[in-house]
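Reading the structure
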2 protein chains.
Amino acid sequence: MKRRDFVTKVGLGALAGGTLSAPAIKSAHAAPKVLKMVTSWPKNFPGLGTGAREFGELLEAASGGRYQVKLYAGGELVHPLKCHDAVQEGTADLYHSAEYYYKGKSISLAFFTAVPFGFTANEMDAWLLHGGGEKLWDEANADFGIKSLPCGNTGSQMGGWFKKEVNTLDDMKGLKMRMPGLGGDVLKAIGATALTLAGSEIMPALQAGTIDATEWVGPWNDLAFGFYKVAKHYYSPGFHEPGATLSLV
Amino acid sequence: MKRRDFVTKVGLGALAGGTLSAPAIKSAHAAPKVLKMVTSWPKNFPGLGTGAREFGELLEAASGGRYQVKLYAGGELVHPLKCHDAVQEGTADLYHSAEYYYKGKSISLAFFTAVPFGFTANEMDAWLLHGGGEKLWDEANADFGIKSLPCGNTGSQMGGWFKKEVNTLDDMKGLKMRMPGLGGDVLKAIGATALTLAGSEIMPALQAGTIDATEWVGPWNDLAFGFYKVAKHYYSPGFHEPGATLSLV
């Protein structure tokens, strides 16, 4: 696969460690190869979308002009939660997303984004890069012909936005909440309904009443969607994502 | 699981054979249990959406009021192509969809919708109900804890809508076309790009130039989306779906 070929050339270690120090691969005057990179984020979305764009620019620079990255916001080429399928099927070359969106394909993928009450950002990086996590991630993706790398971390996330006050566990019973991954499984265990929605789908669902509550990331990212206009209660911190790892595939 | 419990009660054979003859299960004055049924189709979409609704009504009648089916159009509760995840994760009880939308989870699922140059509608039914197909389908879904049944068939589909004329195989090279399932794999093998999009996503993608061509079903269904306004060439028949089976899960 050409994608793997590329990854090998710029150096797996450099990519994974986030230390892209321009390995001086010079173009032999060939036209650059265009790599399609799909993402789960709205166009230029703070942090998530801009991080993906900046990573693409780093990749272009590090390849000395051999590669160009064409970035697609969620929904431009494929649905924001279909990035894994898109690379598996060859519609795209790369994605920037979060693995827990794909837990329907394999439950183990969810562990590489976040575990409720689990690892913080530093602990996730330590596990993935030095504690054998990356090897387990490769095993989880082996059936799909995909190679994943950590590429950003949101840090500890907020508990989320709620239309009604939540004071006890009982207040969660029957609540319909947007929460992907293993956090969603915890919600179900305490009697709530958990839905996996892409970022761009959350606000319409809150307005339509499809959901009563949502988490997304944290204040900087949440502000852009304007959740505060519909759900007046914002709780912190979240139990579900103590350090959510974003993934590059 | 309650869903399985229900399926057992109304009789698997009756469901699969489409011969729901009201097995006279009477309610013991209990409140009806509401079953959430998600679909991949726009609201009241001809044939696909109305078929799902009518099946729900049959189910209610056959249960003698013990069950109510709450129908969700694609995107109302979950994305139209996330029905399989929704039932796997317990967000919904049933879905009406097409298995090839989920081939990213297991390639074998695609075979239970359609095989290019393969079975017609009658042949699909014969294989599924009497030739061991249903057993293979159960095996494909065993990892996901899901039970599927055939529930409708579109018959042989049209080749699709194209912005430019197609006269030779070479005209397909580089073409970006919406085509899910194994048909999409055939497109890729002849040098085109195949995308899996939900019905509601096709028209915006055609207009934006994300795709140059699309297939959907046939004239009755295609008319509702107005593809003819954007893509002037309509070819028939399709090679990709000689008899596409719809699925109830």
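This text gives an overview of the structure that appears in the document. All values reported here derive from a predicted model rather than from experimental measurement. (Residues numbered from 1 in each chain as written. Chains lettered and ligands numbered in written order. Predicted model: local features only at pLDDT ≥ 70, side-chain atom pairs only at ≥ 80, totals over all residues. Heavy atoms only, no water.)

Of the regular secondary structure elements, chain A holds nine helices and 10 strands. When burial is assessed residue by residue, chain A has 54% of its 249 residues classed as buried. The contacts in chain A between residues at least 6 apart in sequence include a share of 71% that link residues at least 24 apart. When the accessible surface of chain A is totalled, it reaches about 10500 Å², and 57% of it is carbon and sulfur. (Helix = DSSP H or I, 4+ residues; strand = E, 2+ residues; numbered from the N terminus. Buried < 20%, exposed > 50% of the residue type's maximum accessible area, 1.4 Å probe, protein only. Contact = heavy atoms within 4.5 Å. Areas by Shrake-Rupley, 256 points an atom, 1.4 Å probe, with all protein chains shown as cover.)

With that settled, the discussion passes to the interface of chain A and chain B. Opposite the 24 residues of chain A that make contact, chain B presents 24 residues. When chain A packs against chain B, close to 1800 Å² is buried across both sides, 50% of that on carbon and sulfur atoms. On the chain A side of the interface with chain B, the three residues burying the most area are Lys82, Glu89 and Gly104 of chain A, jointly 28% of the side's total. Here chain A and chain B share zero salt bridges between them. Connecting chain A to chain B are 10 residue pairs in polar contact (both at pLDDT 80 or more). The set of elements that each furnish at least two residues to the side of chain A that touches chain B consists of α4 (83–88) and β7 (193–195) of chain A. (Buried area = accessible area lost by both parts, 1.4 Å probe. Salt bridge = Lys/Arg side-chain N within 4 Å of Asp/Glu carboxyl O. Polar contact = N/O pair within 3.5 Å; in protein donor to acceptor, adjacent residues only side chain to side chain.)

As a further point, take the relation of the copies chain A and chain B. Under the fitted operation, chain A is carried onto chain B by 0.0 Å of movement along the axis and a turn of 180°, and the coordinates agree to an RMSD of 0.0 Å. A rotation of that kind, with that shift, is consistent with a two-fold axis. In terms of proximity to the rotation axis, the leading residue of chain A is Lys105 of chain A, whose C-alpha is 2.4 Å off the axis. Both copies present the same face, since 100% of the interface residues in chain A are matched by interface residues at the equivalent positions in chain B. (Least-squares fit on C-alpha atoms with pLDDT ≥ 70 in both.)

A few words on the sheet that holds strand β4 (residues 149–153) of chain B. Residue and element names in this part refer to chain B. Ordered in space as β2-β1-β3-β10-β4, the five strands form an open sheet in which the pairing is mixed. For this open sheet the edge positions go to β2 (67–72) and β4, each flanked by a neighbour on one side alone. This sheet shows a mean twist of 25° between the axes of neighbouring strands, independent of strand direction. Pairing of strand β1 (residues 33–39) with strand β3 (residues 94–97), which is carried by three bridges, proceeds in the parallel orientation. Following the sheet pairing, Thr39 is matched in β3 by His96. (Pairing = 2+ DSSP bridges. Axes fitted to C-alpha atoms, helices over the stretch in contact; angles between N-to-C directions.)

Looking now at helix α8 (residues 199–208) of chain A. Each α-helix winds once per 3.6 residues, and so residues spaced three or four apart point in a common direction. All names here are of chain A. Here α8 has its buried residues at Gly199, Glu201, Ile202, Met203, Ala205 and Leu206. Looking at the buried side of α8, the elements it contacts are β6 (176–178), β8 (213–214) and α9 (219–225). Gly209 lies just past α8 and shows a positive phi near 85°.

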